[in-house]
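# Observations on chain architecture
So the chains spell out like this:
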Amino acid sequence: APTREAFRPAMHYASKDTWLNDPNGLIFHDGTYHLYYQNNPFGNVWGNMSWGHATSTDLLDWTEQPVAIACDEVEDIFSGSIVHDAGNTSGFGTEYTSPLVAVYTSAYKGSSQHAGIQAQSLAFSTDGGYTWTKHDGNPVLNRNSPEFRDPKVFRYNSPNEAYWVMVAVEAQDHTVVLYRSHDLKTWDYLSSFGPANATGGVWECPDLFPLPLDGNEDQLKWVLTVNLNPGGPNSGSSGQYFVGHFDGVTFTSETTVTDGMQDPLRLSEYQWLDWGRDYYAAVSFNDAPDGRRLMIAWMNNWQYSSAIPTSPWRSPMSLVREVSLVTVNGQPRLSQVAVWEKEGSPTSTVAYEELDVDGILPLDGGAAVQLIDVRFVPGSAEEFGLIVRGNGAKGTRIGIRPGDGLIHVDRTASGNTAFHESFASMDTAPLQSEDGTYSLRIFVDHCSVEVFAQDGQVTLTELIFPAPDSVSVSAYATGGSATVPSLELTSLA
Ligand code: FRU
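Residues numbered from 1 in each chain as written. Predicted model: local features only at pLDDT ≥ 70, side-chain atom pairs only at ≥ 80, totals over all residues. Heavy atoms only, no water.

A few words now on the sheet that holds strand E10 (residues 162–170). Reading across the sheet, the four strands line up as E9-E10-E11-E12 and stay open at both edges, with antiparallel pairing between neighbours. At either end of the open sheet lies a strand with only one pairing partner, and these are strand E9 (148–157) and strand E12 (188–193). When strand polarity is set aside, the average angle formed by the axes of neighbouring strands in this sheet is 25°. Sheet analysis places strand E11 (residues 175–181) next to E12, joined by five bridges and oriented antiparallel. For Tyr-179, the partnering residue across the bridge sits in E12 and is Tyr-189. (Pairing = 2+ DSSP bridges. Helix = DSSP H or I, 4+ residues; strand = E, 2+ residues; numbered from the N terminus. Axes fitted to C-alpha atoms, helices over the stretch in contact; angles between N-to-C directions.)

In the vicinity of the ligand, the contacting residues are Asn-21, Asp-22, Gln-38, Trp-46, Phe-78, Ser-79, Arg-149, Asp-150, Glu-204, Tyr-280 and Trp-302. Here an oxygen atom of the ligand sits 2.7 Å away from a polar atom, N or O, in the side chain of Asp-22. Within the side chain of Arg-149, one N or O atom sits 2.7 Å away from an oxygen atom of the ligand. Burial of the ligand by the surrounding chains reaches 94%, relative to a free accessible area of 320 Å². In terms of residue class, the shell around the ligand is built from four nonpolar, three polar and four charged. (Near = heavy atom within 4 Å. Polar contact = N/O pair within 3.5 Å; in protein donor to acceptor, adjacent residues only side chain to side chain. Areas by Shrake-Rupley, 256 points an atom, 1.4 Å probe, with all protein chains shown as cover. Nonpolar A, V, L, I, M, F, W, Y, C, P; charged D, E, K, R; others polar.)

Moving on, we get to the sheet that holds strand E6 (residues 100–108). What the four strands build is an open sheet, ordered E5-E6-E7-E8; its pairing is antiparallel. The open sheet is flanked by strand E5 (75–84) and strand E8 (133–134), the only strands paired with a single partner. For E5 and E6, the ladder comprises nine bridges, and the chain directions are antiparallel. Each residue of the ladder has a partner; that of Glu-75, found in E6, is Tyr-108.

So, about the confidence of the model for the chain. This prediction gives the chain a mean pLDDT of 96; 99% of its residues lie at or above 70. Within the chain, the element-level pLDDT minimum falls on strand E21 (residues 348–363), averaging 96, and the maximum on E6, averaging 99. For this predicted complex, the interface confidence score (ipTM) comes to 0.99, while the overall pTM stands at 0.97. (pLDDT = per-residue confidence, 0-100.)

As a further point, take the pairing of strand E28 (residues 448–453). Moving residue by residue along a regular strand, the side chains alternate between the two faces of the sheet. Among the six residues in E28, six count as buried, and that is most of the element. By the alternation rule, side chains of E28 split into Ser-448, Glu-450 and Phe-452 and Val-449, Val-451 and Ala-453, which are all buried. Where strand E27 (residues 438–445) lies against E28, six bridges are found, and the strand directions are antiparallel. Following the sheet pairing, Val-444 is matched in E28 by Val-449. What sits between the antiparallel neighbours E27 and E28 is a turn of two residues. In the sheet, E28 pairs with strand E29 (residues 458–463) via six bridges, with the strands oriented antiparallel. In the sheet register, Phe-452 faces E29, and the bridge partner there is Thr-459. (Buried < 20%, exposed > 50% of the residue type's maximum accessible area, 1.4 Å probe, protein only.)

Another point: the pattern of salt bridges. Side-chain pairs of opposite charge can arise whenever the charged atoms involved come near each other. If you walk through the whole model with that rule in mind, you get 20 salt bridges. With a shortest N-O distance of 2.7 Å, Glu-269 and Arg-266 are connected by a salt bridge. Residue class for Glu-269 comes out partly exposed when judged on its relative accessible area of 37%. Judged by its relative accessible area of 29%, Arg-266 falls in the partly exposed class. Salt-bridge contacts for Arg-321 lead to Asp-274; the nearest nitrogen and oxygen are separated by 3.0 Å. Linking Arg-321 in strand E19 (residues 321–328) with Asp-274 in the loop between strand E16 (251–253) and strand E17 (280–284), this pair joins segments that are 47 residues apart in sequence. Asp-274 shares its class with Arg-321; the two are buried. What you see here is one network of salt bridges that share partners, running through Glu-147, Arg-149, Asp-150 and Glu-204. (Salt bridge = Lys/Arg side-chain N within 4 Å of Asp/Glu carboxyl O.)

It is worth spelling out a negative patch on the surface at this point. Together, Glu-353, Glu-354, Asp-356 and Asp-358 line one region of the surface with negative charge. Within the secondary structure, Glu-354 sits in strand E21. Classification of Glu-354 by relative accessible area gives exposed; the value is 55%. (Patch = residues over 30% accessible without salt bridge, like charges linked within 9 Å, V, L, I, M, F, W, Y side chains within 5 Å. Lys, Arg positive; Asp, Glu negative; His and termini not counted. Charge placed at Lys NZ, Arg CZ, Asp CG, Glu CD.)

A few words on the environment of Lys-185. Assignment of secondary structure puts Lys-185 in the loop between E11 and E12. In this view, Lys-185 contacts Ser-90, Phe-92, Leu-122, His-135 and Val-140; residues no more than four positions away in its chain are not counted. For Lys-185, the side chain forms a polar contact with the main-chain oxygen of Ser-90, separated by 2.6 Å. (Contact = heavy atoms within 4.5 Å.)

Next up on the list: the packing of aromatic side chains. This structure, assessed with the given rule, holds 34 aromatic pairs. For the pair Tyr-13 and Tyr-37, a centre-to-centre distance of 5.4 Å together with 50° between the ring planes defines the contact as tilted. Residue Tyr-13 is located in the segment before strand E1 (19–29), and its partner Tyr-37 is located in strand E2 (residues 32–40); the two are separated by 24 residues in the primary sequence. Comparing Tyr-13 with Tyr-37, the two get one shared label, buried. Each residue in the set Phe-7, Tyr-304, Phe-419, Phe-423 and Phe-465 is aromatic and connected to the rest through ring pairs, giving one cluster. One Lys or Arg, Arg-155, reaches over the ring of Trp-164 and ends 4.6 Å from the middle of that ring. Across the ring face of Phe-92, the terminal group of Lys-185 is positioned such that the distance to the ring centre comes to 4.6 Å. (Phe/Tyr/Trp six-rings, centres within 6.5 Å; stacked < 30°, edge-to-face > 60°. Lys NZ or Arg CZ within 6 Å of the ring centre and 35° of its normal.)

Okay, here's the thing in structure tokens:
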């Protein structure tokens, strides 16, 4: 029997036999979720940047589609977004169909009259996102900058008027720039934001969207997300966010810790979309049903991205997350829940109650692909947690040190770590408990763990490359004992 491709994820998107990075053009349209992405159609390392394409109706099963927008001799197609131009403001529609319009970064090559410049361009589709035509007036927004990229466009509705807003970055300046348009073709400068908080790398792939605070529609706030490479809290690629107000022109942050260039000693005080090493270029879907704000990220890190030991494909996407805004210690914070339930798919669950853990406690029910829900009460233990995708005491450790107020993912003994010197790591995040208990939801797949702690207030996403038969799960406690009131292992294969 043919062996399954090593590490190909069961519940995450990866392309068939090519390279991918950032998610692009995320939109829900006519009952289908569209995931476009930075893609090298001809290899499994970065290059020939084009928009690959996949579609799904449940955000879990993805069907790879033909390349949507291809690079040519003049330009690479860098990251960007797609809007449904329902009112045909752009004029790209037909008598019968309003167009989808892609706003992407033209990264101009040596043979172009704009060589070395990054500017924003359009392509449109009148068949629901499957085939695309480049606009003949490209680029539509050019600052003559070599690092102006990653436009995210959305429809802004004020009581008096509606228009298109673009957020993009001047990457080297750690600045998000905002523009306005009525037809997607002519853009007027509105304002800029940054530098602020983390500036240890270029700013890339921004997003701006409203969310009700604590579910209260009268308390609408705006969230500005911006990815950063390198300079994440555990090194390399990562994403941060700011919460504040947007008046149609200017975004004002109320969560800025440091204005201007970062204070390297205060990295852990900034707001991170994820504290793990492999959650980058996160961006949200336009037009998601029921007002949900759904985000997805590239599950990799530019530090070692082209060395990860997968073939012929390289890089998975994260699970899709629904984000909401909640008050934590008086501050507005993002809370994240993974989308994972698939209608009609069989699952089997092994459940435990009231376990006492002192040392390493092997558990039944380990599997290569699974969901683990666990609660801990610290007791006398200095550290407690789970070892997943294990082989006895070796495996990926997800540990909590309540005295230090920290959670970590330790992948130093997770399997193959030798392919790159910076891969093996123990990555930490601050973690508080208000009532003295800790809850973790962990998604395990063939090459990843995604940890949602305290109902998604802190998340850590990490690649791992365990042997296929390393599927054991153990609970552990060191320096004393801990109690596990409940633990459920659900196989998702
Ligand atoms: C982020 C990024 C973007 C750029 C794209 C190129 O990972 O560097 O800024 O548009 O990748 O592939």
